[in-house]
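Per-entry structural report
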Amino acid sequence: MLALHNGKPVRQNLLPYGKQWLNDEDKNEVWNILNTSMITQGNQVPKFEEHIADITKTAHAVAFSSGTAALHAAFYAAELRAGDDFITTPITFAATANAGLYVGATPVFADIDDRTYNLDVTEASHKITTSTKAIVSVDFTGQPADYDGFRELADNHNLVYISDGAHSLGASYKGEPVGSQADMTMFSFHPVKPVTTGEGGVIVTDNSVYAERLRLFRSHGITKENISTTEPWYYEMKDLGMNYRMTDIQAALGTSQLKKLPDFIERRQKIAQAYNEAFSTLKNVKIPYQLKSTKSGWHLYILRLELNNLKKGRRFIFDALRAENIGVHVHYIPVYYHPYYQELGYEKGECPIAEKWYEEVLTLPLFPKMTDNDVHDVVLAVTKVLNEV
Ligand SMILES: *Cc1c(COP(=O)(O)O)cnc(C)c1O
């Protein structure tokens, strides 16, 4: 009997959809920094940045106080402003599009690929106008976007290509780590993301002009480089920037976490594989499609329901799984559904594939610290609920 109907739940405590994995080594690294004199603007941020550039095979990494701040800086570095459009996907966290709004630019939403759930290159190409200045793809769930397709599109139309890789640190595209494919790529270090610094983010780029602008924007638009006097106290504010710096406390945690990234990704892949095996034989659900040319970071595992064949809707299945203490979720509400975007004039119907997709999906728990028992509970609960509907 379903827990929703007062049966015994599959597990006694709620399993969240994602969470961090911190160990004593991580905590010691943070403790060590707290005992030094530089808890911010010391040497830990540059060290962390070097490590990120190294694993993503990029020339520059610039760390920020959050992934959202990093995206804001990328739009600044790309010199987008009022009157400029950029094309992005509606199936992402609102921050992707919001970051463009911060500089006055206008998001234009293009539809997704029905197989990968990522922004579709052809759909994006149909939205290009003379106002378009950038393409912003998202490696949704950790599966890399069609980087070659967007690179070609961006080059043909003289657009800046920004990638939101909040889900894909440690993923690979055609055998190479995600990072150098777009002009600038963002990674987030929020606790549910591949590795964490509490809050934090980074932009990686091979372009030194962008890197310089990113650093300027991160610290009030202030610089000590190329200034007109030799007075030792002197610095110049060259543009209106923010204080978007990461602290050394966060960077020390990040460096420690990065050592575990390969193990984290491997564990995520194992869990996804266990789900795939269990659910590929289950009726009326679709497991996530994976391109052969990419290796996903498996940030999210999304089960797609074939609602036409089910007696109950997504809401019932969601409630039933929550009652079994499985912390299912829905990622994401199409960005332009939000009241703020509706008030800006965006209308439903813009991206029909994404909108239909949104009605059919559930995110299952997936994080490296899940035990085999946790995975088993999810499989048991999903099977139990789907057999009832
Ligand atoms: C988490 C996330 C962000 C924002 O990152 P923060 O570090 O939380 O500011 C942006 N885009 C996507 C797709 C995300 O998942």
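So, how was this worked out
Residues numbered from 1 in each chain as written. Predicted model: local features only at pLDDT ≥ 70, side-chain atom pairs only at ≥ 80, totals over all residues. Heavy atoms only, no water. Near = heavy atom within 4 Å. Polar contact = N/O pair within 3.5 Å; in protein donor to acceptor, adjacent residues only side chain to side chain. Areas by Shrake-Rupley, 256 points an atom, 1.4 Å probe, with all protein chains shown as cover. Helix = DSSP H or I, 4+ residues; strand = E, 2+ residues; numbered from the N terminus. Nonpolar A, V, L, I, M, F, W, Y, C, P; charged D, E, K, R; others polar. 1 Å grid on protein atoms, 1.4 Å probe; cavity = no way out; pocket = protein on both sides within 12 Å on 5 of 7 lines; lining within 4 Å. Points joined across faces, edges and corners; volume = space filled by probe spheres on them. Domains from an automatic or database assignment. Pairing = 2+ DSSP bridges. Expected span 1.5 Å × (residues − 1). Contact = heavy atoms within 4.5 Å. UniProt positions renumbered as here; feature names shortened; annotations may be inferred. Buried < 20%, exposed > 50% of the residue type's maximum accessible area, 1.4 Å probe, protein only.

- If you check an unreviewed UniProt entry, the chain appears there as UDP-4-amino-4, 6-dideoxy-N-acetyl-beta-L-altrosamine transaminase from Salibacterium salarium.

1. Some details on the site of the ligand
- Near the ligand you find 16 residues, and of these Gly67, Thr68, Asp164, Ser188 and Lys193 are the closest.
- Measuring from an oxygen atom of the ligand, one finds a backbone N or O atom of Gly67 at 2.8 Å.
- Contact distances for the ligand include 2.8 Å between an oxygen atom and a side-chain N or O atom of His167.
- Coverage of the ligand by the protein amounts to 93% of the 380 Å² it exposes when considered alone.
- Among the elements of the structure, helix H3 (67–77), helix H4 (95–102) and strand S8 (184–188) are those that each provide at least two residues to the shell around the ligand.
- When its residues are assigned to classes, the shell around the ligand shows 5 nonpolar, 9 polar and 2 charged.

2. Some points on empty space enclosed by the protein
- Under the criterion given, the structure shown has 2 cavities of 30 Å³ or more.
- In this structure, the largest cavity spans a volume of roughly 50 Å³.
- Together, Arg115, Thr116, Tyr117, Thr141, Gln143, Pro288, Tyr289, Gln290 and Ile302 line the largest cavity.
- When the residues that make up the lining of the largest cavity are grouped by side-chain class, the tally is 4 nonpolar, 4 polar and 1 charged.
- The two domains that each donate at least three residues to the lining of the largest cavity are domain 1 (3–20 + 261–386) and domain 2 (24–258).
- As a volume, the second largest cavity reaches approximately 40 Å³.
- In terms of lining residues, the second largest cavity is bounded by Lys19, Gln20, Trp21, Pro191, Lys193, Pro194, Val195, Thr196, Gln257, Phe264, Arg268 and Pro368.
- Looking at the lining of the second largest cavity, its residues break down into 6 nonpolar, 3 polar and 3 charged.
- Shared between two domains, the lining of the second largest cavity takes at least three residues from each, and those domains are domain 1 (3–20 + 261–386) and domain 2 (24–258).

3. Focus on the sheet that holds strand S7 (residues 176–177)
- One open sheet accounts for 3 strands, arranged S7-S6-S13; its pairing is antiparallel. At either end of the open sheet lies a strand with only one pairing partner, and these are S7 and strand S13 (294–295).
- Of the strand pairs in this sheet, strand S6 (residues 172–173) and S7 are connected by 2 bridges, and their pairing is antiparallel. Paired with Ser172 across the two strands is Pro177, which belongs to S7.

4. Thoughts on helix H9 (residues 261–279)
- Taking 1.5 Å of rise per residue, the 19 residues of H9 would be expected to cover 27 Å, and the 27 Å separating its terminal C-alpha atoms lies within 8% of that figure.
- In the core, the buried residues of H9 are packed alongside helix H2 (44–56), helix H8 (248–258), strand S12 (285–286), strand S14 (301–305), strand S15 (361–364) and helix H13 (372–388).

5. A few points about the UniProt feature "active site" (unreviewed entry) in the chain
- The feature "active site" (unreviewed entry), as annotated in UniProt, sits at Lys193 in this numbering.
- In this structure, Lys193 sits in the loop between S8 and strand S9 (201–205).
- Judged by its relative accessible area of 14%, Lys193 is buried.

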